[in-house]
Amino acid sequence: MDLHLNRYIIMAADRLPAESWQDQDVNNCISLAKSSPISILKKNGLLQSLAAGVSTKEPEDLNQDLKRAQEEWDAVESIQPGSTPQNRADVFIGQLPSISFNEALQHFQTADLSAHMKNIQVTASRTGLFAITRLLFGPPRLHRDLQEERNLVFAIAQCSFDNNERVHTRVLQTVYKKLTGSRFDCSRYGSHWEEVGFQGVDPATDLRGTGFLGLMQVLYLIMNPQTLPLAHSIYKLSQHQSQNFPFCAMSINITRITIQTLREECLNKECNRRKQVVGVVNDLYVAAFLHLYHIWKTQNKTISDSGLVLKGQYFKQAAGVPMGAACATSYAN
């Protein structure tokens with residue numbers, strides 16, 4: 001049982017038909033015209049070409065009009081992500097470079113998270129006989145040199161989305177572009193977020209249970225070349241006519257499972273063996289999402305089954321062994 005997380009991933013993967021790993025995210029739900037920021041239209045001269053094609057003004061008047069138009073476009077583009085006009089869906093944040101998981105993680109490693117560290121709960125609360133039994137027969141303690149990394153995971157799970165933090169916005173936009181195939185950023189607020197599985201016009205409202213860790217783990221899934229095909233397959237299934245489900249909302253639920261599993265100390269032995277915490281937590285997230293995908297696709301699950309599937313996801317490994325029992329018995333082997 002020492003390698004039960006790695007076996008969990010491998011065994012679940014073996015149950016998938018080979019072609020499922022070839023599914024590609026080919027449906028871009030937003031047209032180029034809607035997703036193009038003003039800066040792109042300016043660069044390719046589209047606005048100027050349209051104006052020139054219908055204008056009957058003299059060159060001097062035309063130059064004045066273009067100058068005023070240029071100033072207006074520049075003023076629109078200067079809107080910052082933190083601003084909140086009456087129509088929030090009209091906020092454009094410009095073109096931001098995609099961000100890797102490691103770059104985003106480095107941001108949190110160097111950020112001041114002291115306020116969040118005060119609120120973290122690193123282990124589940126236990127009292128009475130259960131606490132004594134856990135102490136005698138439960139999982140091993142996490143190595144001291146890994147406790148800081150574990151605490152960082154819990155602190156990220158306490159962080160809310162910050163419109164004024166560039167890294168937060170880059171992560172969110174990277175998720176959108178990777179899933180939809182769009183080359184351009186989208187508005188910070190709007191119904192387009194529902195296309196990738198958030199439950200409203202503001203993705204930040206879905207992160208209440210997992211904090212920013214909910215975005216970090218889906219970022220890991222889509223930015224890792226080894227798991228990107230799986231991400232595309234799951235996203236494609238989430239768009240199915242009858243088996244559809246909100247991709248990002250489901251991902252956040254799986255992140256909630258990984259947080260609780262880490263808090264229950266079920267990952268301590270694997271973390272100690274691999275001498276890392278973030279990697280183990282991410283592998284559990286991927287394995288859980290893969291297992292859910294397999295169940296959803298092969299058993300023709302629908303959104304009405306999501307509650308039962310997620311509960312089963314928490315207690316079962318790919319081999320069918322209750323996760324809690326596996327954690328409790330593996331330490332004696």
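Read on for an overview of the structure. (Residues numbered from 1 in each chain as written. Predicted model: local features only at pLDDT ≥ 70, side-chain atom pairs only at ≥ 80, totals over all residues. Heavy atoms only, no water.)

Judged by nonpolar contacts, the single largest core of 70 residues is most densely connected at Phe212, Leu215, Met216, Phe247 and Phe289. For this core, the secondary-structure elements that each account for two or more residues are α6 (101–110), α9 (147–156), α10 (166–180), α11 (213–223), α12 (228–238), α13 (247–263), α15 (278–298) and α16 (306–315). Among the elements that line this core, the one with the most residues is α15, at 13 residues. Contact partners of phenylalanine 247, with chain neighbours within four places excluded, come to Leu179, Val196, Gly197, Val218, Leu221, Ala231, Ile234, Tyr235, Ser238 and Phe289. (Core = buried A, V, L, I, M, F, W, Y, C linked by side-chain atoms within 4.5 Å. Buried < 20%, exposed > 50% of the residue type's maximum accessible area, 1.4 Å probe, protein only. Helix = DSSP H or I, 4+ residues; strand = E, 2+ residues; numbered from the N terminus. Contact = heavy atoms within 4.5 Å.)

A few words on the packing of α11 against α13. Remark: α11 packs on α13, axes separated minimally by 9 Å, with the N-to-C direction vectors making an angle of 105°. Accordingly, the angle class assigned to the pair α11 and α13 is roughly perpendicular. Contacts between α11 and α13 involve Leu213, Gly214, Gln217, Val218 and Leu221 on the former and, on the latter, Phe247, Ser251, Ile252, Thr255, Thr258 and Ile259. Taken together, the residues of the contact of α11 with α13 break down into six nonpolar, five polar and no charged. (Axes fitted to C-alpha atoms, helices over the stretch in contact; angles between N-to-C directions. Parallel < 35°, antiparallel > 145°, perpendicular 65-115°, else oblique. Nonpolar A, V, L, I, M, F, W, Y, C, P; charged D, E, K, R; others polar.)

Bringing the environment of arginine 150 into the picture now. Counting through the fold element by element, arginine 150 comes out in helix α9. With a relative accessible area of 11%, arginine 150 lands in the buried category. Every residue in contact with arginine 150, bar those within four places of it in the chain, is listed here: Val122, Leu142, Leu262 and Val277. Among the polar contacts listed, one links the side chain of arginine 150 to the side chain of asparagine 151, at a separation of 3.2 Å. (Polar contact = N/O pair within 3.5 Å; in protein donor to acceptor, adjacent residues only side chain to side chain.)

Attention now moves to the side chain of asparagine 272. As for its placement among the helices and strands, asparagine 272 is situated in helix α14 (residues 268–274). Assessed through its relative accessible area of 11%, asparagine 272 is described here as buried. With residues up to four places along the chain from it excluded, the contact list for asparagine 272 reads Pro140, Arg141, Leu142, His143 and Leu146.

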